[in-house]
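Here's the letter readout for the chains.
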Amino acid sequence: MSKVQESIDVDVPVRVVYDQWTSFERFPEFMEGVEEVRQLDDLHAHWKTKIAGLSREFETELTERVPDERVSWRTTSEDVKHTGMVSLQPIDATHTRVRMTMDFQPTGFAEKAADKLGVLERMVRGDLRRFKHFVEERGAEPDARGDGPGSGA
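By convention here, each chain's residues receive numbers from 1 onward along its written sequence. Given that this is a predicted model, residues contribute local features only at a pLDDT of at least 70 and side-chain atom pairs are listed and counted only at 80 or more, while totals for whole chains, interfaces and linings are drawn from all residues. Computation of side-chain values: all heavy atoms of the structure, hydrogens and water removed.

1. Looking at helix H1 (residues 14–21)
Then, in step 1: Note on exposure labels: buried denotes an accessible area under 20% of the residue type's maximum, exposed denotes more than 50%, and partly exposed covers the range between, all computed with a 1.4 Å probe on protein chains only. Think of it this way: any DSSP run of H or I at least four residues long counts as a helix, any run of E at least two long counts as a strand, and we number them from the N terminus. With 7 of its 8 residues buried, H1 lies for the most part within the structure.
Then, in step 2: Among all positions of H1, only Val-14, Val-16, Val-17, Tyr-18, Asp-19, Gln-20 and Trp-21 are buried.
Then, in step 3: Contacts made by the buried residues of H1 are with strand S1 (2–10), strand S4 (54–66), strand S5 (70–75), strand S6 (81–92), strand S7 (95–105) and helix H3 (119–138). The contact definition used throughout considers only heavy atoms, calling two residues in contact when any of these lie within 4.5 Å.

Below, the structure is given as structure tokens:
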């Protein structure tokens, strides 16, 4: 199992970061390789990804959701195995530290090679940079209030 840990500071309040992070269907707008996320219910989502030419579909289940603090998940399919957590730490009233931790089980030659080359770490780092830009640009737009799918509101 491989572990990736990355963090980034964003220039918006923790509530805005949490609301945007839990709008899972918006992930393709800032996550490399994520083509679609469809919210199935409050705890489950269906993902379509294409990374390095490899297409995958899988489902995730939220294992923990603490508003303004953290969101944890795990995959529920046999062929894609990963768990993760995004934790949020207010720095002050208008700044938040976002920390992502993922454990990933690479399968097959291509995934194992990509893992050895640090591809996942670079993707997560890039996703967090794009999320920073995404959330800072959007700020507290109407769907960022927490009333969208997956927000738990």
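2. Some thoughts on the environment of Glu-29
Then, in step 1: Tracing the sequence through the fold places Glu-29 in the loop between H1 and strand S2 (34–39).
Then, in step 2: The spacing of Glu-29 and Lys-50 is 21 residues in sequence and 14 Å in space, taken between C-alpha atoms.
Then, in step 3: Within the structure, Glu-29 has its side chain in polar contact with the side chain of Arg-26 (distance 2.4 Å). Polar contacts, as used here, are pairs of N or O atoms within 3.5 Å; protein pairs need one atom able to donate a hydrogen and one able to accept it. Residues neighboring in sequence count only if both atoms are side-chain atoms.

3. Thoughts on the environment of His-95
Then, in step 1: Mapped onto the secondary structure, His-95 falls in strand S7.
Then, in step 2: Residue classification places His-95 among the partly exposed positions, given a relative accessible area of 27%.
Then, in step 3: In the structure, His-95 is positioned 56 residues away from Gln-39 in sequence and 28 Å away in space, judged by C-alpha atoms.
Then, in step 4: The contact partners of His-95, leaving out residues within four places of it in the chain, are Val-10, Asp-11, Val-12, Gln-89 and Pro-90.
Then, in step 5: At a separation of 3.5 Å, a polar atom in the side chain of His-95 contacts the side chain of Asp-11.
Then, in step 6: At 3.1 Å, the side chain of His-95 and the side chain of Thr-94 are in polar contact.

4. So, the packing of H1 against H3
Then, in step 1: Across the interface, H1 lies against H3 with an axial gap of 10 Å and an inter-helix angle of 115 degrees. In this structure, H1 crosses over H3, and the sense of that crossing is right-handed. Where H1 abuts H3, its residues Val-16, Val-17, Gln-20 and Trp-21 lie against Phe-131, Phe-134, Val-135 and Arg-138.
Then, in step 2: Each residue receives one of three labels: charged for Asp, Glu, Lys and Arg, nonpolar for Ala, Val, Leu, Ile, Met, Phe, Trp, Tyr, Cys and Pro, and polar for the others, Gly being one of them. Taken together, the residues that form the contact of H1 with H3 break down as 6 nonpolar, 1 polar and 1 charged. Each axis is a line fitted through C-alpha atoms, and for a helix only the stretch in contact is used; angles between axes span 0 to 180 degrees, taken between their N-to-C directions. Note: crossing handedness is left-handed where the near helix turns anticlockwise from the far helix by less than a right angle, and right-handed where it turns clockwise.

5. Description of the pairing of S5
Then, in step 1: Bridge count between S4 and S5: 6 bridges; the pairing is antiparallel. Across the sheet, Val-66 pairs through a bridge with Arg-70, a residue of S5.
Then, in step 2: By this definition, two strands are paired if DSSP reports at least two bridges between them. The antiparallel hairpin formed by S4 and S5 contains 3 residues in its connecting segment, where Asp-68 sits at a positive phi of about 65 degrees.
Then, in step 3: Where S5 and S6 come together, 5 bridges link them in antiparallel fashion. Directly across from Ser-72, in S6, lies its bridge partner Met-85.
Then, in step 4: In this structure, the hairpin formed by S5 and S6 is closed by a connection of 5 residues.

6. Looking at the side chain of Thr-49
Then, in step 1: The residue Thr-49 is located in strand S3 (residues 44–51) in this model.
Then, in step 2: Judged by relative accessible area, Thr-49 falls into the buried class, the value being 8%.
Then, in step 3: Other than its neighbours up to four places away in sequence, Thr-49 contacts Gly-33, Val-34, Glu-35, Leu-54, Ser-55, Arg-56 and Phe-58.

7. A few points about the pairing of S3
Then, in step 1: In the sheet, S2 pairs with S3 via 5 bridges, with the strands oriented antiparallel. Within S3, the residue paired with Glu-36 across the bridge is Lys-48.
Then, in step 2: The turn linking S2 back onto S3 is made up of 4 residues.
Then, in step 3: One ladder, built from 8 bridges, connects S3 with S4; its direction is antiparallel. Looking at the pairing, Trp-47 lines up with Phe-58 of S4.
Then, in step 4: Connecting S3 to the next strand, S4, in antiparallel fashion are 2 residues, including Ala-52 with a positive phi near 50 degrees.

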